[in-house]
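Architecture at a glance
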Amino acid sequence: MKATGIVRRIDDLGRIVIPKEIRRTLRIRERDALEIFTDRDGEVILKKYSPIADLEDFAQEYADSLFESTGHVAVIADRDTYIAVAGVGKKNFIGRPVVDELSDLMEERRAWSSFSTDRKLPVPGFEDAHQIMVPIIHEGDVVGCVLLLSKDKPMGDLETTLCQTAADFLAKQLG
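Quick look at the structure, then. (Residues numbered from 1 in each chain as written. Predicted model: local features only at pLDDT ≥ 70, side-chain atom pairs only at ≥ 80, totals over all residues. Heavy atoms only, no water.)

**A word on the pairing of strand β2 (residues 44–48)**
The pairing of strand β1 (residues 34–38) with β2 spans five bridges and is antiparallel. Following the sheet pairing, Ile 36 is matched in β2 by Leu 46. Linking β1 back to β2 in an antiparallel pair, the connection comprises five residues, with Gly 42 at a positive phi of about 85°. (Pairing = 2+ DSSP bridges. Helix = DSSP H or I, 4+ residues; strand = E, 2+ residues; numbered from the N terminus.)

Structure follows, in structure tokens:
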């Protein structure tokens, strides 16, 4: 654990403010859920909660299925990191932070494709690929996204529908 040198007091309602610099660095936004852990030494540990990460094995199976049925690289991410990938080396994605542009697109809460715009996401190794992104929305909150990426074959409405189906199904698995 790394000390920050920052000390905060708990207010009369039991709240503590996480400094803006730390929130920005860890990409903690308003309304984000945090898990609270304690240990035997009396330490309290806050960890950003990702409901999609709880479905990591299931998400991987779904990504594999998308890849097998479309031939396109399939990626599933929570709001901060890539958690499942099929069709390309996992070391390029798994556990790495999502690019800010992808986070911003997720927050728009609608399907996006590179074939309907000149804009491309700077996804590592797929900056010039055909790209489709559909956010995963659970109980009104954006919790992640499904991406399809293709360097060779163009994609269209069918692939967008498959991504939407995947996003809806993953959201249903969350509760």
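**Regarding the pairing of strand β3 (residues 73–78)**
Buried residues dominate β3, accounting for six of its six residues. By the alternation rule, side chains of β3 split into Val 73, Val 75 and Ala 77 and Ala 74, Ile 76 and Asp 78, which are all buried. Bridge count between β3 and strand β7 (residues 141–150): six bridges; the pairing is antiparallel. Looking across to β7, one finds that Ala 77 is bridged to Cys 145. Here four bridges tie β3 to strand β4 (residues 82–86), and the two strands are oriented antiparallel to one another. Within β4, the residue paired with Val 75 across the bridge is Val 85. With antiparallel pairing between neighbouring strands as the criterion, β3 and β4 make up a hairpin whose turn holds three residues. (Buried < 20%, exposed > 50% of the residue type's maximum accessible area, 1.4 Å probe, protein only.)

**Observations concerning unusual backbone geometry**
Within the chain, Arg 109 stands out as a residue other than glycine whose phi angle is a positive 60°. Its place among the elements puts Arg 109 in the loop between α3 (100–107) and β5 (112–113). Looking at Arg 109, the relative accessible area reads 40%, which means it is partly exposed. Within the chain, Glu 139 stands out as a residue other than glycine whose phi angle is a positive 50°.

**Quick notes on the packing of aromatic side chains**
Enumeration according to the criterion identifies four aromatic pairs in this entry. The interplanar angle of 40° and the centroid separation of 5.8 Å between the aromatic rings of Tyr 62 and Phe 169 together place this pair among those described as tilted. Linking Tyr 62 in helix α2 (residues 56–70) with Phe 169 in helix α4 (residues 157–173), this pair joins segments that are 107 residues apart in sequence. The partly exposed category is assigned to Phe 169, whose relative accessible area is 35%. Taken together, the ring pairs connect Phe 58, Tyr 62 and Phe 169 into an aromatic cluster. Seen from the ring of Phe 126, Lys 151 lies directly overhead, with NZ or CZ sitting 4.9 Å from the centre. (Phe/Tyr/Trp six-rings, centres within 6.5 Å; stacked < 30°, edge-to-face > 60°. Lys NZ or Arg CZ within 6 Å of the ring centre and 35° of its normal.)

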